[in-house]
Amino acid sequence: MTSGNGGYAAKNRTTGNLTVGRTEPCQQEKDLLSEELCIFSEMLEALPEPLAVLDTGLHIICANKRFYSFFRPVPEEEQGNAFPDMTGMHRNLTEMQTLLENIVNGNTADGRLSINFGPAAAGKDILVHAQALTHPTNTKDVRNILLRIKEAATPSVSHGQGPADMNYLSLVEQGNDGIVILQDETCIFANSMFRVMTGYSPVETSGKKFTDYLPEEYKRMISKRLKKVLKDRRSPGRNNEVEIITNNGDMLQAEISFAYITYQEKPLVMLNIRDIRERKLAEAELKASREKYSTLVEESNDGIAIIHEGALKFTNRKFSELTGYSREELANRQLTDYVSEIYHRMLSGRLRKVLKDMRSLRHSNEVEFTTKSGSLLPAEIGLSFISHEGKPSVMMNVRDISERKRADAELRDSERKYSTLVEKGNDGIIIVQDDVLVFANMKFCEISGFSKEELLRRPFEDFLTADYKRVVMKRFRRSLEKNRDTPLKYEVELLSKEGVHTPAEINSSVIEHSGKPAVMAIIRDITHLKNKEKRLLELIEVLKIMESVIKSSPAVIFFWKPEDYWPVEFVSENISQFGFNAEDFISGKLQYGDIVHPSDIGRLSMETEQWTRDVENLSYEYRIITSSGEVRWVDERSVVKRDLDGNVQYVQGIVVDITERKNVKNFMHIVSGPGEIFTPVGDPGDMFYQLLEFATQTENLDSGALYLIDEATGDLNLVAHKGFSPEFIRSIRHYSSGSIHKRVMMTGYPLYTRYYELNSMIPGNKPVNERLEATAIIPVKYEEKLVAILMLASHTSFEIPFNSRSTLETIAAQAGPLIGRMREQVDVHKDMRNLRIIFETIEEMIFVIDSDGCILYINPFACKCLDYTGEEVKGTNILKLHPQNKLLEAAPVIAAMISGSLTSHSIPFEAKSKRIIPAETRCTLGQIDEKKVVICLSRIEL
């Protein structure tokens, strides 16, 4: 066998001498060895007992004077020789050789043996205690053997203890290990340490089988080992761990080594028993510690890898999870195989620096790993120096920073966005710190007339008029003292570079700027608003005079601006008859164009073009929509007021509700030619409701229902109703073809009766108590065939007059052909529905406008993009959907689209929330119900 320092090679069985092979050390190693031996020799000389140190080849490399005086050799002759070859050695040389071999090979840490030294007939017995000297950090690396020599006393052994002339008895009694000598597995000797360890008395240990001290699971194994030692007549190469039953029943954890000995030519086995309870406890604690740290490493939220010579020697679960590779795929592969190439040079340099400096790097680095899927993983790594398996290595912590990178990118994008908003905004923005202007955007430069260089680092009060300097700066300081982060709004006057006083509104709050508190102020130029207020004040006196007269008059007075959608400068309080508040119009919340009926606004816009001519007095009739959604007819009489140059200043108008007069006129149309009124130009549901509206305006009627007859089944289906409760509607919604209700209602001739009499015709009927009185059932025919049933009723009147009956039958006669023609056009409507489905699912904005620019249709995607509902924009002019500052550009473009001379434009849209939507719009001319329309398709530009 060969040891780590050279060692011995083989044993000569005939002579007992050793053949030793040594590897010559280099000069540096020799110098170090010489220095260590010099120090060690001085230590040996200070000790009182004979001591010697052997190398792993069993050569004597140093010994103290007491050693040489004990054996009486010449130091120069014995130094460097093998210890077992010393002249005068007798007895147990083979056992000595085996013991030293076991120590060198790490099979045992120490051992004792009795030998005889001197002339063969008159030699003296000595005890040799051999102990391994190991590497400080590796207890298995045996470097040398320390020999302690004692002269053995000849003790007297009492009867029954075993061999009486065992001259090493005093040695074994003084040892730290239990020693038991067995003959045929029976104890013939046990030292005091064994008795202390187990608690047995000398009587209890003498003559007892050793296996009786062992639990059942160890007996067979120890018995076999004892037999093998006796058979081989030599000590085995390894020890065994067992449990020994103590006198009080506890279990003693022990390590047993076996040695073959002879006494009076009898083969014996000597057991060296070492208490290993403390060692076991330490091992358990070490194992628990390893498990704990192993858990910490494996459950860490960071990837951990150990790198030696650039290769991955260990990776934890998180590292595998981050990269997507299994541990088997990562093992012993080069780290750079998993790192983007641009980081190879930097990473290799960092690894070399850690190994060279033998310490961790203080700063982390960012790299990108290439995962198994091919994606890049941004990560932050930390490098630390460690010793792994006795080799200098680098431990790398890997933290996934994908979310942080994404957040950084979003932050930079947000900063760019807000920087753009600040610089391109319509309001001035400034930051004042220590009363000095430290930031100003371009809009404030524009308002003040100064450049940024002229503004910055100047006191802010320089840009305020004298009346406001003290007040504003005091408010700024008070806000800073109270750390007020809620905005504070007030009006001031700014002093421009040219000395002009500019009215402005300041909205200020406290922020942190460059680590210090500061005041940020948003400044809005309100010159336009102030001029508007001034003009309105001039009209107040006139308004006050007229107010008392107007409140009692049915006529509503308006002062309109000569602008699109007719902004209102004044409106009388009696606008409340339409459900509106005068303040809503005067404040600009509502414009007059907002309440004009969508179908009339285009015509009204064309008529108001007369304002620009020399016409002074104008008259119009049109519809408006009240706040409750009711449609009212009004008659407007207006006068155009001009300045000296002939420019229109405002338009003064009187609006009178003429709905009742219009209803009478419409009624006369029904009597003379209802077909013209009910021509189906819109949604059938609107027409059905309009039919009921006209029918219920007949004297004594307040409610009604219209049923269509299903051509396929003959069922009656309710399609329109007015004036009934929801419960009643649910009870009359549908009548099947075989029901008595249907037979009663489809007699083919008008039926005028009381509602309770009608119910009495239907056995078992339990109608909802609607409290109906007079009732009319009127058939609606087309080409002598029933197509619908008109049911009309009154909650108060008990009879329908004869003149009203004639009117109702006329309405039914005129409605029949309309419903019949609608059925004939069912295929056309199906195609329209299919086209509507396409329009409503396509993800581009679609508008259909009439020749006046009013929106007839808008698809859901356009409503979503513009933040409007369909009902909000239907009937309004498409110009309203473009930005205010683009109206002058948009008006001629829309006109060109309607005329067909323009097929596309790129004017942006403006959402309800004032968000600008860039779009490319293409248009084409078409017809709906023989009326010219423009179909526009707008694609949003990203």
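Source: prediction; values computed, not measured.

1. Remarks on the sheet that holds strand E30 (residues 716–722)
Next, step 1: Taken together, six strands build an open sheet; the order of strands is E31-E30-E29-E34-E33-E32 and the sheet is antiparallel. The sheet terminates laterally at strand E31 (734–735) and strand E32 (751–754), the two strands that pair on one side only.
Next, step 2: As paired strands, E30 and E31 are joined by two bridges and run antiparallel to one another. If you follow Leu-716 over to E31, its bridge partner there is Tyr-735.

2. Brief notes about helix H16 (residues 466–482)
Next, step 1: Helix length check: H16, at 17 residues, gives a terminal C-alpha distance of 26 Å against a target of 24 Å (1.5 Å per residue), a fit within 8%.
Next, step 2: Those residues of H16 that sit buried are Val-472, Met-473, Phe-476 and Ser-479. Viewed along the axis of H16, the buried residues span an arc of 120°, placing them on a single side of the element. Structural note: H16 exposes Asp-467, Arg-470, Glu-481 and Lys-482 on the side pointing more than 90 degrees away from its buried face.

3. Remarks on the environment of Glu-185
Next, step 1: Relative to the helices and strands, Glu-185 resides in the loop between strand E9 (178–183) and strand E10 (186–190).
Next, step 2: In this structure Glu-185 comes out as buried when scored by relative accessible area, which is 15%.
Next, step 3: Along the primary structure Glu-185 and Lys-227 are separated by 42 residues, whereas in three dimensions their C-alpha atoms are 8.6 Å apart.
Next, step 4: Beyond its immediate sequence surroundings of up to four residues, Glu-185 is in contact with Lys-208, Lys-209, Phe-210, Thr-211, Ser-223, Leu-226 and Lys-227.
Next, step 5: Here Ser-223 takes part through its side chain, which lies 3.0 Å from a polar atom of the side chain of Glu-185.

4. Digging into the pattern of salt bridges
Next, step 1: For the structure on display, the rule yields 38 salt bridges.
Next, step 2: Across the pair Glu-241 and Lys-280 runs a salt bridge, and its minimum N-O distance is 2.6 Å. Separated by 39 residues along the polypeptide, Glu-241 in strand E11 (residues 240–245) and Lys-280 in helix H9 (residues 277–298) bring together distant segments of the chain.
Next, step 3: A relative accessible area of 36% means that Glu-241 is categorised as partly exposed.
Next, step 4: A relative accessible area of 25% means that Lys-280 is categorised as partly exposed.
Next, step 5: For Glu-403, the salt bridge goes to Arg-406, with nearest N and O atoms at 2.3 Å. Of the two residues, Glu-403 and Arg-406 both sit in helix H13 (residues 402–424), three residues apart, roughly one turn of that helix.
Next, step 6: The class for Glu-403 is exposed, based on a relative accessible area of 55%.

5. Section: the side chain of His-597
Next, step 1: Along the chain, the position of His-597 falls in the loop between helix H19 (592–595) and helix H20 (598–607).
Next, step 2: Of note is the side chain of His-597, whose polar atom sits 3.0 Å from the backbone nitrogen of Ser-599.
Next, step 3: Once residues lying within four places of it in the same chain are set aside, the contact partners of His-597 are Arg-623, Ile-624, Ile-625 and Val-631.

6. Focus: helix H31 (residues 887–899)
Residues spaced three or four apart along an α-helix point in a common direction, a consequence of the helix completing one turn every 3.6 residues.
Next, step 1: With 13 residues, H31 ought to run about 18 Å at 1.5 Å a step, and its terminal C-alpha atoms sit 18 Å apart, in line with that.
Next, step 2: Of the positions making up H31, those classed as buried are Leu-887, Ala-890, Val-893, Ile-894, Ala-896, Met-897 and Ile-898.
Next, step 3: Structurally, H31 contributes buried residues whose contacts are with strand E35 (845–850), strand E37 (904–905), strand E40 (919–928) and strand E41 (931–940).
Next, step 4: One or two residues past the end of H31 sits Gly-900, with phi positive at roughly 90°.

7. Focus on a positive patch on the surface
Next, step 1: Residues Arg-470, Lys-474, Arg-475, Arg-478 and Lys-482 make up a contiguous surface patch of positive charge.
Next, step 2: With respect to the element layout, Lys-482 can be found in helix H16.
Next, step 3: Among the residues examined, Lys-482 registers a relative accessible area of 56% and is labelled exposed.

8. Focus: the nonpolar core
Next, step 1: Counting residues in each nonpolar core, the largest one holds 28 residues, and the members touching the most others are Met-845, Phe-847, Ile-858, Leu-866, Leu-881 and Phe-909.
Next, step 2: Elements with a contribution of two residues or more to this core: E35, strand E36 (855–858), helix H29 (860–866), H31, E40 and E41.
Next, step 3: Looking at this core element by element, the count peaks at six residues for H31.
Next, step 4: Aside from chain neighbours lying at most four places away, what touches Phe-909 is Met-845, Phe-847, Leu-866, Leu-881, His-882, Pro-883, Arg-915, Ile-916, Ile-917, Ala-919, Thr-921 and Ser-938.
Next, step 5: Judged by nonpolar contacts, the second largest core, of 27 residues, contains Ala-720, Ile-778, Tyr-782 and Leu-790.

9. Focus on the state of the cysteines
Next, step 1: Scanning the model with the defined rule gives zero disulfides in all.
Next, step 2: Of all cysteine sulfurs, the one in Cys-936 lies closest to Cys-923, which takes part in no disulfide; the gap is 5.2 Å.
Next, step 3: Residue classification places Cys-923 among the buried positions, given a relative accessible area of 12%.

10. Considerations on the pairing of strand E20 (residues 436–440)
Next, step 1: With four of five residues buried, E20 is to be regarded as a mostly interior element.
Next, step 2: Here four bridges tie strand E19 (residues 428–433) to E20, and the two strands are oriented antiparallel to one another. Bridged to Gln-433 within E20 is Val-436.

Rules used throughout
- Residue positions are given per chain, counted from 1 along the sequence in the order it is written.
- Reporting of local features is limited, given that this is a predicted model, to residues whose pLDDT is at least 70; pairs of side-chain atoms are given and counted only at 80 or more, and all residues count toward the totals for whole chains, interfaces and linings.
- Heavy atoms throughout the structure, all of them, feed into the side-chain values; hydrogens and water do not.
- Strand pairing is assigned whenever DSSP detects at least two bridges linking the two strands.
- Going along the chain from the N terminus, every DSSP run of H or I of four or more residues is numbered as a helix, and every run of E of two or more is numbered as a strand.
- Here the expected length of a helix is defined as 1.5 Å per residue gap, with one fewer gap than residues.
- Exposure is judged per residue with a 1.4 Å probe applied to protein chains only, and the accessible area is read against the type maximum: over 50% gives exposed, under 20% gives buried, and values in between give partly exposed.
- Throughout, the arc means that of the directions going from the helix axis to the C-beta atoms.
- Residue contacts are defined here by distance: any two heavy atoms, one from each residue, within 4.5 Å place the two residues in contact.
- Polar contact is the term for a pair of N or O atoms within 3.5 Å; when the atoms are in protein, one must be able to donate a hydrogen and the other to accept it, and sequence-neighboring residues count only if both atoms are side-chain atoms.
- The term salt bridge refers to a side-chain nitrogen of Lys or Arg lying within 4 Å of a carboxyl oxygen of Asp or Glu.
- Only residues whose relative accessible area exceeds 30% and that take part in no salt bridge are eligible for patches, with like-charged residues grouped when within 9 Å of each other and nonpolar side chains (Val, Leu, Ile, Met, Phe, Trp, Tyr) grouped when within 5 Å.
- Values of accessible area rely on a 1.4 Å probe in the Shrake-Rupley scheme; residue burial ignores everything except the protein chains shown.
- Think of it this way: Lys and Arg go in the positive column, Asp and Glu in the negative one, and His and the chain ends go nowhere.
- All charge positions are set by atom: Lys at NZ, Arg at CZ, Asp at CG, Glu at CD.
- As used in this record, nonpolar core signifies buried Ala, Val, Leu, Ile, Met, Phe, Trp, Tyr and Cys residues forming a set joined through side-chain atoms within 4.5 Å.
- We call a pair of cysteine sulfur atoms a disulfide whenever their separation is within 2.5 Å.

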